[in-house]
Amino acid sequence: VQLQAYGGGSVQPGGSLNLSCAASGSIYSIGVMGWYRQAPRKQREMVAGIIDGSPYYADAVQGRFRVSSDNPKNAVFLQMNTLKPEDTAVYYCRMVVASDSTNNGVYWGKGTQVTVSS
């Protein structure tokens, strides 16, 4: 299973960016889709995700970010609005993927840089 992330880039404070991530390979089902981020000199942290169709968010992004998915395409998206300098980080998509009815694993995308700066 491979995860490929797209999007990211640089934007001024208050701007918006969109991220997308698609999984490919031997996929039976996907249980959890989500996004994490890691800022310089900080630990990786959860940003947002979807489990059983229900989205969840970190407090820091609640109300500004929106996570969605396209299950037939094995894809997850992150719409980021009202971006702040503290949102600057490398963003990673993460999925819990079952390759058959009894085996599953956690997979990560390579990460995409998001920079918010004036």
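In this numbering scheme, every chain counts its residues from 1 along its sequence in written order. Given that this is a predicted model, residues contribute local features only at a pLDDT of at least 70 and side-chain atom pairs are listed and counted only at 80 or more, while totals for whole chains, interfaces and linings are drawn from all residues. As a convention, hydrogens and water are excluded, and side-chain values are obtained from all of the structure's heavy atoms.

### Quick look at the nonpolar core
For soluble globular proteins, the rule of thumb is that nonpolar side chains tend to be buried together. As used in this record, nonpolar core signifies buried Ala, Val, Leu, Ile, Met, Phe, Trp, Tyr and Cys residues forming a set joined through side-chain atoms within 4.5 Å. We call a residue buried when its accessible area falls under 20% of the maximum for its residue type, exposed when it is over 50%, and partly exposed in between, using a 1.4 Å probe and counting protein chains only. Core analysis: the biggest nonpolar cluster contains 29 residues, and Trp35, Leu78, Met80 and Tyr91 have the highest contact counts within it. Looking at this core, the elements that each hand over two or more residues are strand S1 (2-7), strand S3 (17-24), strand S4 (29-38), strand S5 (45-51), strand S7 (65-70), strand S8 (75-80), strand S9 (89-98) and strand S11 (112-116). Counting from the N terminus, the helices are the DSSP runs of H or I reaching at least four residues and the strands are the DSSP runs of E reaching at least two. With five residues, the single largest contributor to this core is S9. The contact criterion used throughout is that any non-hydrogen atoms of two residues lie within 4.5 Å. Ignoring any residue separated from it by four or fewer positions in sequence, one finds Met80 in contact with Gly15, Ser16, Leu17, Asn18, Leu19, Arg64, Phe65, Tyr91 and Val114.

### Quick notes on the pattern of salt bridges
Pairing between side chains of opposite charge can happen when their charged atoms approach one another. For this analysis, a salt bridge means a side-chain nitrogen from Lys or Arg found within 4 Å of a carboxyl oxygen belonging to Asp or Glu. Inspection of the entire model under this criterion finds three salt bridges. Taking the shortest distance from any N to any O, the salt bridge between Arg37 and Glu45 comes out at 2.7 Å. A residue is classified by how much of its surface remains accessible, and Glu45, at 38% relative accessible area, is partly exposed. Salt-bridge contacts for Asp87 lead to Arg37; the nearest nitrogen and oxygen are separated by 2.9 Å. You can see Asp87 sitting in the loop between S8 and S9 and its partner Arg37 sitting in strand S4, a full 50 residues away along the chain. A residue is classified by how much of its surface remains accessible, and Asp87, at 1% relative accessible area, is buried. What emerges from the salt-bridge pattern is a single network uniting Arg37, Glu45, Arg64 and Asp87.

The values are spatial; any link to function lies outside them.
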